[in-house]
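Coordinate analysis (summary)
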Amino acid sequence: MPMKWTSPEGKPIFATWNLLFLYLALAGIFIFVLGTSSAKSEYADIVLNKRSDQEGERPVIFPHWFHRIRFQCRVCHSELGFEMRAGANDVTMDEITKGKFCGACHNGDIAWPVENCGLCHSALPGTPAGVIGGHQTSGPGNW
Amino acid sequence: MKQTNINKRLSDTHLVFLFVLFALYCLSSQTLAGNWKDLTEDGLHDPQNPSLYLLQNPGDALSRLPADSAGNQVDWIRALNDGYIRPRSSLKENVPVRILDSDILLNKTGSIPRVRFPHKPHTQLLDCQNCHEKLFKSKAGATMISMGQILEGKYCGVCHGAVAFPLTECNRCHSVPWDTINANEMDKP
């Protein structure tokens, strides 16, 4: 049976305009949700920018997803001593080249060495430091 | 009689509309389920960075792991237990891995379901000292925790909402309804 926009008596199918508005509103909410829920960066990416911008280098992005495929949380947060709070660790290139923090692996032995600046220093200049929660929440306490 | 026919046709049309909306919704949740942005277009990485092409895109790795609806859209514990990932437990040799298989029941949740805290998946990834004694006292019930503090990034919120599954997933923690089990059935720490 072909669908018509009017009933057999010539009345509009949407007997009341309210119903039409209801559908339009539903469609509007749906499009809004679709638009806002597209994630920006990946969930749990950490931006380090205590010094990078000042030193004329791109801020650092630490991707949790990449590292947790290869290492358990305890390796960095217990063995290497990274505090579990973004900003609580004073990570400097000096320390890293001495084998601390990132330098425990990024030494050309376990992972690629520090000469590859752009692989870590890869964020858009001016990106503020912190946890970048890309999916559903945007870090602690932010809905 | 004729009136009922018209009403039926009206409701058919509305059903069709609702179905189309529902189908669109399903389609969107399907496509959003694997919505990992490439690094060049994630709004965080600098597309001008000449080294960017050397880095792995999230979708290349995460699309092969068990799916989840939140966070990285990966069920990390299933990925670990089913052998999809085999993350190293230490850099040096002879670093002990302490796994504790014990559940803690947090029952001061008012009328909403109680919280079952499973030590096992947490100790599979973390060391005891990551949570004890700084964040939580080892004695069950000795640490006062509120949902408000968690939402501010304290206690469970140090990880959940930042790097582990987000705080939108209420039932994953609040999983023990009041009418099911007796608190005595849970392990004491």
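Structure: see above.
A brief look at the structure comes next. Small disclaimer: the values here were computed from a predicted structure and weren't measured.

So, how was this worked out
- Residues numbered from 1 in each chain as written.
- Chains lettered and ligands numbered in written order.
- Predicted model: local features only at pLDDT ≥ 70, side-chain atom pairs only at ≥ 80, totals over all residues.
- Helix = DSSP H or I, 4+ residues; strand = E, 2+ residues; numbered from the N terminus.
- Buried ≥ 20, exposed ≤ 12 C-beta atoms within 10 Å, placed from the backbone.
- Contact = placed C-beta atoms within 7 Å.
- Nonpolar A, V, L, I, M, F, W, Y, C, P; charged D, E, K, R; others polar.
- Pairing = 2+ DSSP bridges.
- Axes fitted to C-alpha atoms, helices over the stretch in contact; angles between N-to-C directions.

**Looking at the overall build of chain A**
Check the secondary structure of chain A and you find 5 helices and 3 strands. Ordered by position from the N terminus, the helices and strands of chain A form the series α-β-β-α-α-α-α-β. Residues classed as buried in chain A amount to 29% of the 143 residues present. Pairs at least 24 residues apart make up 46% of the contacts formed inside chain A by residues separated by at least 6 positions.

**Regarding the interface of chain B and chain A**
On the side of chain A, 54 residues touch chain B, which itself brings 57 residues to the contact. Taken together, the elements giving at least two residues each to the side of chain B that touches chain A come down to α1 (2-33), α2 (58-62) and α5 (128-131) of chain B. Among the elements that line the side of chain B that touches chain A, the one with the most residues is α1 of chain B, at 10 residues. Within the side of chain B that touches chain A, the residues separate by chemical class into 31 nonpolar, 19 polar and 7 charged.

**Digging into the pairing of strand β1 (residues 45-48) of chain A**
Where β1 of chain A meets strand β2 (residues 60-63) of chain A, 4 bridges bridge the pair, whose relative direction is antiparallel. Of the residues in β2 of chain A, the one forming a bridge with aspartate 45 of chain A is proline 63 of chain A.

**Structural notes on the sheet that holds strand β3 (residues 130-132) of chain A**
Residues and elements named next belong to chain A. An order of β2-β1-β3 is seen for the 3 strands of this open sheet, with the pairing classed as antiparallel. One side of each edge strand has no neighbouring strand; the edge strands of this open sheet are β2 and β3. Direction aside, neighbouring strands of the sheet carry axes that sit 30° apart on average.

**What to know about the environment of glycine 103 of chain A**
Residues and elements named next belong to chain A. For glycine 103, the location among the structural elements is in the loop between α4 (93-97) and α5 (117-120). Of the residues examined, glycine 103 has 19 C-beta atoms within 10 Å and is grouped as partly exposed. For the pair glycine 103 and proline 113, spaced 10 residues apart in sequence, the C-alpha separation works out to 7.9 Å. Among residues more than four places away in sequence, those in contact with glycine 103 are Glu95, Ile96, Thr97, Lys98 and Val114.

**Examining the pairing of strand β2 (residues 114-118) of chain B**
Residue and element names in this part refer to chain B. As paired strands, strand β1 (residues 103-106) and β2 are joined by 4 bridges and run antiparallel to one another. Bridge pairing in β2 places leucine 106 opposite valine 115. Sheet analysis places β2 next to strand β3 (residues 174-176), joined by 2 bridges and oriented antiparallel. Each bridged residue has a counterpart across the sheet, and for arginine 114 the counterpart in β3 is valine 176.

**Digging into the environment of histidine 174 of chain B**
Residues and elements named next belong to chain B. Secondary-structure assignment places histidine 174 in strand β3. What makes histidine 174 partly exposed here is the crowd of 16 C-beta atoms within 10 Å. In sequence terms histidine 174 and leucine 106 are 68 residues apart; their C-alpha atoms lie 9.0 Å from each other.

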